[in-house]
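# Chain and residue survey
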Amino acid sequence: MTHSTDIFLGIDGGGTKCKARLEDAKGNLLAEATAGPANAARHLTGSVAAVLEASEKAVANANIKGLSLNQIHAGIGLAGINIPKVQQAFLKQSLPFASWHITTDLHIACLGAHLGADGAIVIVGTGSSGIAICNQQQLEVGGHGFVVGDKGSGAWLGKMAISHCLETLDGITPDNLLCEHVMNQLKCDNPYDLVSLTLEAKPAFYATIAPLILQLAANQQEDALLLVNQAATYINKLCHRLLIGNLDRLSLIGGITQPIMPYLDTQLQAIIKPAKSTPEQGAILYSKSMLSGGVLS
């Protein structure tokens, strides 16, 4: 049960940052804050630390005398929490909130995008994944991580471009502008320089190459265009897989959403709508629903 004096915190924790939003019971924004990475599967204690840091910063930014975390109801959406053993481990953590409820970052993004109504979202950023909520049932697709998944994402585009460069440098593929531009951006002169950059690289490194690929594709450079069309083909399939039941609302979220949109099929472009609110606001919706008996999916 919620009260008019309650304070709510929404947490969106991903692989690069953890965002917090503090609201009163009427939905008025009190403060926002950001902390470091919060992927629970990659670093459980680090994700807990990031959640607490972002929460404490938000409370400090609100500048409300006497307000502390133990007076706040938190909804927390984290990357990696979809893995059962990770979720079980996180649920054993002691967090200092009045109440807290944990779910996936995908779930809160979908709740925010459609303000709790049925709908689907696809995240196309550093990684790629999607979720549909229909008749209180959830369908999650993708989100399997950079090593074996994330096809169509910014990181995937960057990885594929580097592979293309290595084939070009080895003389397997003819010289081309995509290779030339990628090598220039990464300040590499030979394949050994290029490979050395990848030895301990994170997905975010590969994603930094994506804007260049998308720009070259927009200028009709054939090698870049081939990669972007491959990415769009996968995102098309991901979207169609999520349009279950009678769902007719779909939102795309993430850093390469806009540049990849023209490559999606026209049927999807006709139904894609902007998200109505943020994942952090979706996390607050989730917290309120759990306190009221779990009405939302």
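Report follows, based on the coordinates. (Residues numbered from 1 in each chain as written. Predicted model: local features only at pLDDT ≥ 70, side-chain atom pairs only at ≥ 80, totals over all residues. Heavy atoms only, no water.)

### With respect to the overall build of the protein chain
The criterion, for reference: Counting from the N terminus, the helices are the DSSP runs of H or I reaching at least four residues and the strands are the DSSP runs of E reaching at least two. The globule rule is 2.2 Å times the number of residues to the power 0.38, and the radius of gyration it is compared with is taken over C-alpha atoms. A simple rule labels every residue: compare its accessible area, found with a 1.4 Å probe on the protein chains alone, to the largest value its type can have, and call it buried under 20%, exposed over 50%, or partly exposed in between. Only heavy atoms matter for contacts: two residues are in contact if any of them lie within 4.5 Å across the pair. Note on areas: Shrake-Rupley with a 1.4 Å probe; residue coverage comes only from the protein chains shown. In this tally, Asp and Glu contribute negative charge and Lys and Arg positive charge; neither His nor the terminal groups of the chain are included. A single reference atom marks each charge: NZ on Lys, CZ on Arg, CG on Asp, CD on Glu.
A tally of regular secondary structure across the protein chain gives 12 helices and 9 strands. Over its C-alpha atoms the protein chain spans a radius of gyration of 21 Å, differing by no more than 12% from the 19 Å that the globule rule assigns to 297 residues. Taken over the C-alpha atoms alone, the protein chain extends approximately 65 × 40 × 35 Å along its principal axes. Taken over 297 residues, the protein chain has a buried fraction of 50%. Residue pairs in contact within the protein chain that sit at least 24 positions apart in sequence constitute 64% of those at least 6 positions apart. As displayed, the protein chain has an accessible area near 14000 Å², and 52% of this comes from carbon and sulfur atoms. The average position of the 19 basic charges and that of the 23 acidic charges among the side chains of the protein chain differ by 9 Å.

### A closer look at the nonpolar core
Note the following rule: Residues grouped as a nonpolar core are buried Ala, Val, Leu, Ile, Met, Phe, Trp, Tyr and Cys residues, joined through side-chain atoms within 4.5 Å.
Of all hydrophobic cores here, the largest spans 49 residues; its most connected members are Val122, Leu157, Val182, Leu186, Ile213, Leu250 and Leu252. Broken down by element, the residue count for this core peaks at 10 residues, all from helix 9 (residues 222-242). Not counting chain neighbours up to four residues away, the residues in contact with Ile213 comprise Leu157, Gly158, Ala161, Leu178, Ala224, Leu227 and Val228. Residues Ala33, Ala38, Ala58 and Ile72 belong to the second largest nonpolar core, which totals 31 residues.

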